Amino acid sequence: PRSGEEGIGDSRPMKMTHSDLVMLRGNHKGAIASRELIRVKRGVAIAAPKQSEALPRWEAFSTAAEARILAVARTMRREVVFTRESAMLIHGLPCWAHNPCVSIRVAGSFTPSSLPGIIMSTHQIPAVRLRSTHGTYTEAQPQRIGGLLVDSLEETALQMALKARPLDAVIAVSGIIKAVSRFDRFRQPASRRREEIVKAGLLDGLRGLGSIPGKRQAEAVLTLSDAGCETIGEQALLFALATVMPYEIHTQHEVVIRGHSYFLDFAIPSLKIAFEFDGLIKMGEDHDSFQRAHHALLSRQRELEDAGWTVIRVAWEELMDLAALRAKLVGRVSKCTSAPIVSPARGEALWNRQLVTTRVARTR
């Protein structure tokens, strides 16, 4: 992915951990030049992370995002409320953008500005915008988390559904609904009821806003978002499936074969087609765990295929080119049915909106 907000760019979800960042005020030019300190914002630096020379890319970007939020909180003369992607990170939820802007709401006038690029070990993290949002969409009061004032998850869901690009919005809203509904795939009936209540509340809130920009997109996003997606990769795959498939997509669909229960990431039960996402977390992070996970995956796939299921696997790298992924999904599913694959109108509109907003973002 390109710099800025193009995408997460690796298989670790980026979320705020509130790690003990040591933040220092002042210029500290010598320490910054020697890489002992890292400049985050004008007059604000953080101590270089331990063993920063071996810092993974995802961790460098995560540390930078957290440091920028804390630096803004500590240097603004007025108290601010963190919104949108910044709110998600503070709540501990991952967002798709690997280098998100810092979004705030503040009383009175505010002039958007830039937060400088950050050099952390061998990683160059591009500059981002410090931007403000105006107004709220719910009556929920901001919450204080770790000393920071932040929008509620319900407010954040509507902010993202209305204002973010569709892919980012579906990922955000799915994650928020999952968190608020306390979704548990092993207790699906109760979890689905809670999910329905949360979604209905958000949709009612949206419909009560009257005629506002982004409302049609937000309604589509809220409707197709799903708490059953367990990872950010599954949430991105949900977007690809929901915008191209004319069939109802089931998440966490349980299949029992010879006494074994398998939960399919996504399924079209009527066609016995399953879509499985192969993420790093599922496959393990060392050789032994990878081998065990790979053996279990092959055994699971054989049992599903023996039971008449077609299993379509999607790798993380395929999420980086959603147009190609959508074409692959259509091609694979069309082989299983004689009916043509015609994208649903709502899904196609959301996909076209994704293309437009991505082009606009790249020209900025």
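Residues numbered from 1 in each chain as written. Predicted model: local features only at pLDDT ≥ 70, side-chain atom pairs only at ≥ 80, totals over all residues. Heavy atoms only, no water.

### Overview of the overall build of the protein
Piece 1. The helix and strand inventory of the protein stands at twelve helices and 15 strands.
Piece 2. Every one of the 364 residues in the protein was classed for burial, and the buried ones make up 51%.
Piece 3. For the protein, contacts bridging at least 24 residues in sequence account for 66% of all contacts bridging at least 6. (Helix = DSSP H or I, 4+ residues; strand = E, 2+ residues; numbered from the N terminus. Buried < 20%, exposed > 50% of the residue type's maximum accessible area, 1.4 Å probe, protein only. Contact = heavy atoms within 4.5 Å.)

### Comments concerning the side chain of K41
Piece 1. Along the chain, K41 turns up in strand β2 (residues 37-41).
Piece 2. Among the polar contacts made by the side chain of K41, one reaches the side chain of T75 at a distance of 3.1 Å.
Piece 3. For K41, the residues in contact, after removing those within four places along its chain, are A71, V72, T75, L115 and P116. (Polar contact = N/O pair within 3.5 Å; in protein donor to acceptor, adjacent residues only side chain to side chain.)

### Observations regarding the nonpolar core
The nonpolar side chains of a soluble globular protein tend to be buried, and buried together.
Piece 1. Formed by 92 residues in total, the largest nonpolar core has its most connected members in F82, M120, L237, M245, F275, L319 and L329.
Piece 2. Not counting the four nearest positions on each side in its chain, M120 is found in contact with I38, I46, P49, L55, A60, T63, A64 and I125.
Piece 3. Core analysis: the second largest hydrophobic core is formed by nine residues, Y262, L264, A274 and V311 among them. (Core = buried A, V, L, I, M, F, W, Y, C linked by side-chain atoms within 4.5 Å.)

### A word on the environment of E303
Piece 1. The topology assignment puts E303 in helix α10 (residues 287-306).
Piece 2. Along the sequence, E303 and R258 sit 45 residues apart, while their C-alpha atoms lie 8.9 Å from each other.
Piece 3. Dropping the residues within four chain positions of it, E303 is found in contact with I257, R258, H260 and Y262.
Piece 4. A distance of 2.9 Å separates the side chain of E303 from the side chain of Y262, its partner in a polar contact.

### Description of helix α2 (residues 57-75)
Piece 1. Under the 1.5 Å per step criterion, the end-to-end length of α2 is 27 Å for 19 residues, consistent within 8% with the ideal 27 Å.
Piece 2. Most of α2 is tucked away: 14 of the 19 residues are buried. (Expected span 1.5 Å × (residues − 1).)

### Here's the deal with the packing of aromatic side chains
Piece 1. In the structure shown here, the tally under the stated rule is four aromatic pairs.
Piece 2. Here the aromatic residues W96, F277 and W316 are joined through ring pairs into a cluster of three or more.
Piece 3. If you follow R326 out to its NZ or CZ, it ends over the ring of W351, 4.2 Å from the centre. (Phe/Tyr/Trp six-rings, centres within 6.5 Å; stacked < 30°, edge-to-face > 60°. Lys NZ or Arg CZ within 6 Å of the ring centre and 35° of its normal.)

### Quick word on the pairing of strand β13 (residues 260-268)
Piece 1. The buried count for β13 comes to seven of nine residues, which makes it a mostly enclosed element.
Piece 2. Sheet topology places strand β12 (residues 250-257) next to β13; seven bridges connect them, and they run antiparallel. Bridge pairing in β13 links V255 to Y262.
Piece 3. Connecting β12 to the antiparallel partner β13 that follows it, the hairpin turn spans two residues, and R258 within it adopts a positive phi of roughly 50°.
Piece 4. As paired elements, β13 and strand β14 (residues 273-278) share three bridges and run antiparallel to each other. Bridge assignment links F266 to a residue of β14, and that residue is F275.
Piece 5. Between β13 and β14, which follow one another and run antiparallel, lie four residues, and K272 among them has a positive phi close to 55°. (Pairing = 2+ DSSP bridges.)

### Details of unusual backbone geometry
Piece 1. Despite not being glycine, R182 shows a phi value in the positive range, around 55°.
Piece 2. As for its placement among the helices and strands, R182 is situated in the loop between α5 (166-181) and α6 (188-207).
Piece 3. Owing to a relative accessible area of 54%, R182 belongs among the exposed residues under this scheme.
Piece 4. The phi dihedral of K272 is positive, around 55°, even though this residue is not glycine.
Piece 5. If you trace the backbone, K272 turns up in the loop between β13 and β14.

### Quick look at the side chain of D265
Piece 1. Within the element layout of this structure, D265 appears in strand β13.
Piece 2. Since its relative accessible area comes to 4%, D265 is described here as buried.
Piece 3. Of the polar contacts made by the side chain of D265, one reaches the backbone nitrogen of F277; its length is 2.8 Å.

### Details of the sheet that holds β14
Within a sheet, each strand pairs with its neighbour through backbone hydrogen bonds, oriented either parallel or antiparallel.
Piece 1. Here four strands make up an open sheet; going across it, the order is β12-β13-β14-β15 and the pairing mixed. Each of the sheet's edge strands pairs with one partner strand only, and the pair in question is β12 and β15 (310-315). Pairwise comparison of adjacent strand axes, ignoring direction, gives a mean angle of 50° for this sheet.
Piece 2. In the packing of helix α8 (residues 232-244) onto the sheet, the strands contacted are β12, β13, β14 and β15, and the crossing angle to β13 comes to about 45°. (Axes fitted to C-alpha atoms, helices over the stretch in contact; angles between N-to-C directions.)

### A look at the packing of helix α3 (residues 84-91) against helix α4 (residues 153-163)
Relative placement of two packed helices is described by the angle separating their axes and the distance separating the axes.
Piece 1. Two elements in contact, α3 and α4, have axes separated by 9 Å at closest approach and are oriented at 145°. Where α3 crosses over α4, the two elements pack in a sense that is left-handed. Side by side, α3 and α4 meet where R84, E85, A87, M88 and H91 of the first sit next to L153, T156, Q159, M160 and K163 of the second.
Piece 2. Grouping the amino acids of the contact of α3 with α4 by side-chain chemistry returns four nonpolar, three polar and three charged. (Left-handed = near helix turned anticlockwise from the far one by under 90°. Nonpolar A, V, L, I, M, F, W, Y, C, P; charged D, E, K, R; others polar.)

### Some points on the packing of α6 against helix α7 (residues 215-224)
Piece 1. Two elements in contact, α6 and α7, have axes separated by 10 Å at closest approach and are oriented at 170°. Classified by the angle between their axes, α6 and α7 sit roughly antiparallel to one another. Together, K199, L202, L203, L206 and R207 of α6 and K215, A218, E219, L222, T223 and L224 of α7 make up the contact between the two elements.
Piece 2. Residues that form the contact of α6 with α7 fall into these classes: six nonpolar, one polar and four charged. (Parallel < 35°, antiparallel > 145°, perpendicular 65-115°, else oblique.)

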